[in-house]
Amino acid sequence: MTIKKSYPKDYLKSIYNMEKVLIDTDVILDFFFDRKPFSDYASQVISLCESDKIQGFVTPVIYSNVYYLLRQTARHDKVIEKLKQLLMITDVLTMDKEVVRNALNSGFKDFEDSLQNYAAVKFGAIDVILTRNIKDFRKSEIGVLTPETYIKSIIARR
């Protein structure tokens, strides 16, 4: 992953036409830890974000989880640098009291996934959630795909 120095002149206009995806923690971890065979598709998703072909979103919870898990294998400053690079190519969804209330009152079995789902719902423009844990998002009103299925669907549309 490289850090983007500047955005194209028509960046703001172009993001409204891009597909908007919430990238779940497992996909980010697949990328950072190079967890085969999943990292190939996770890398392609990250690459699409980096090249401004899709608009990737994460949540503060994802940053916290990724920091914690990367910190098990790397120094603080190295982990922070990786997260800064991620922040350069993704946007962060807001989590507030409404999101937490909806997550607490939902039928989701995984509270963390419920938080992410309701942050995406509140944002109102997420086209798809990318995760390897499809079953955890069964109750989502947003479409859910694995990175593999998502990448293959992009290829099929060309």
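This one's a predicted model, so the numbers in the text were calculated from it and none came from an experiment.

J.: How should helix H4 (residues 60–71) be read in this particular structure?
T.: Its 12 residues place the ends of H4 16 Å apart at the C-alpha level, agreeing with the 16 Å of an ideal helix rising 1.5 Å per residue. Of all the residues in H4, the buried ones are Val61, Ile62, Tyr63, Val66 and Leu70. Residues of H4 that are buried in the fold lie against strand S1 (19–23), helix H2 (25–33), strand S2 (54–58), helix H5 (76–89), strand S3 (90–92) and helix H7 (111–123).

J.: How do you make sense of the nonpolar core when you look at a structure like this?
T.: With 43 residues, the main nonpolar core has Leu22, Ile23, Ile28, Val66 and Tyr150 as its most contacted residues. Setting aside anything within four residues of it in sequence, one finds Ile28 in contact with Ile23, Ile46, Val58, Ile62, Val66 and Leu86.

J.: Is there a simple way to think about the confidence of the model for the chain in this case?
T.: As a note on interpretation, predicted positions should not be read in detail where pLDDT is low. Of the residues in the chain, 89% reach a pLDDT of 70 or more, and the chain-wide mean stands at 90. Segment residues 2–16: pLDDT under 50, and 13 contacts once partners within four positions in sequence are set aside and those in other chains are kept.

J.: What is the right way to read H5 from this model?
T.: Spacing of three or four residues puts side chains on the same side of an α-helix, whose turn is 3.6 residues. Counted at 1.5 Å a residue, the expected span for H5 with its 14 residues is 20 Å, and the 21 Å between its end C-alpha atoms agrees. Inspection of H5 places Val79, Leu83, Gln85, Leu86 and Ile89 among the buried residues, and these make up the whole buried set. Each buried residue of H5 sits inside an arc of 155° when the element is viewed along its axis, so together they form one side.

J.: Explain the sheet that holds strand S4 (residues 128–130) to me, please; I cannot follow it from the model alone.
T.: Adjacent strands of a sheet pair through backbone hydrogen bonds, lying either parallel or antiparallel. Here we have five strands laid out as an open sheet, ordered S3-S2-S1-S4-S5, and parallel in their pairing. Across the chains shown, the open sheet's two edge strands, defined by having one partner strand only, are S3 and strand S5 (143–145). Put simply, the sheet's adjacent strands are angled 35° from each other on average, direction ignored. Here S1 pairs with S2 via four bridges, running parallel. Across the sheet, residue Val21 finds its bridge partner in S2, namely Gly56.

J.: How should the packing of H4 against H7 be read in this particular structure?
T.: Relative placement of two packed helices is described by the angle separating their axes and the distance separating the axes. Running from amino to carboxyl end, H4 crosses H7 at an angle of 140°, the nearest separation of the two axes being 9 Å. Taken together, the axis directions place H4 and H7 in an arrangement best described as oblique. Taking contact as the criterion, the partners of Val61, Ile62 and Asn65 in H4 are, on H7, Glu112, Leu115 and Gln116. Here the residues of the contact of H4 with H7 sort into three nonpolar, two polar and one charged.

J.: When you look at the side chain of Gln116 in this model, what are you seeing that I'm missing?
T.: In this fold, Gln116 is placed in helix H7. Of the residues examined, Gln116 reaches a relative accessible area of 0% and is grouped as buried. Other than its neighbours up to four places away in sequence, Gln116 contacts Leu22, Asp24, Thr25, Thr59, Val61, Ile62, Met95 and Phe137.

J.: Please clarify how the packing of aromatic side chains should be interpreted in this entry.
T.: Considering all chains together, one arrives at four aromatic pairs under this definition. Look at Phe108 and Tyr118: their rings are 5.9 Å apart centre to centre, the planes differ by 65°, and that puts the pair in the edge-to-face class. Residue Phe108 is found in the loop between helix H6 (97–104) and H7, and its partner Tyr118 is found in helix H7; the two are separated by 10 residues along the sequence. In terms of burial, Phe108 and Tyr118 fall into one category: buried. Among the aromatic residues, ring-to-ring pairing joins Phe108, Tyr118 and Phe137 into one connected group. For Arg132, the ring lying beneath its charged end belongs to Phe38, and the centroid distance is 3.8 Å.

J.: Whenever I open this one, the environment of Ala125 confuses me. Can you help?
T.: Here Ala125 shows up in the loop between H7 and S4. The spacing of Ala125 and Glu19 is 106 residues in sequence and 9.1 Å in space, taken between C-alpha atoms.

What counts, and at which threshold
Residues numbered from 1 in each chain as written. Predicted model: local features only at pLDDT ≥ 70, side-chain atom pairs only at ≥ 80, totals over all residues. Heavy atoms only, no water. Helix = DSSP H or I, 4+ residues; strand = E, 2+ residues; numbered from the N terminus. Expected span 1.5 Å × (residues − 1). Buried < 20%, exposed > 50% of the residue type's maximum accessible area, 1.4 Å probe, protein only. Contact = heavy atoms within 4.5 Å. Core = buried A, V, L, I, M, F, W, Y, C linked by side-chain atoms within 4.5 Å. pLDDT = per-residue confidence, 0-100. Arc of directions from axis to C-beta. Pairing = 2+ DSSP bridges. Axes fitted to C-alpha atoms, helices over the stretch in contact; angles between N-to-C directions. Parallel < 35°, antiparallel > 145°, perpendicular 65-115°, else oblique. Nonpolar A, V, L, I, M, F, W, Y, C, P; charged D, E, K, R; others polar. Phe/Tyr/Trp six-rings, centres within 6.5 Å; stacked < 30°, edge-to-face > 60°. Lys NZ or Arg CZ within 6 Å of the ring centre and 35° of its normal.

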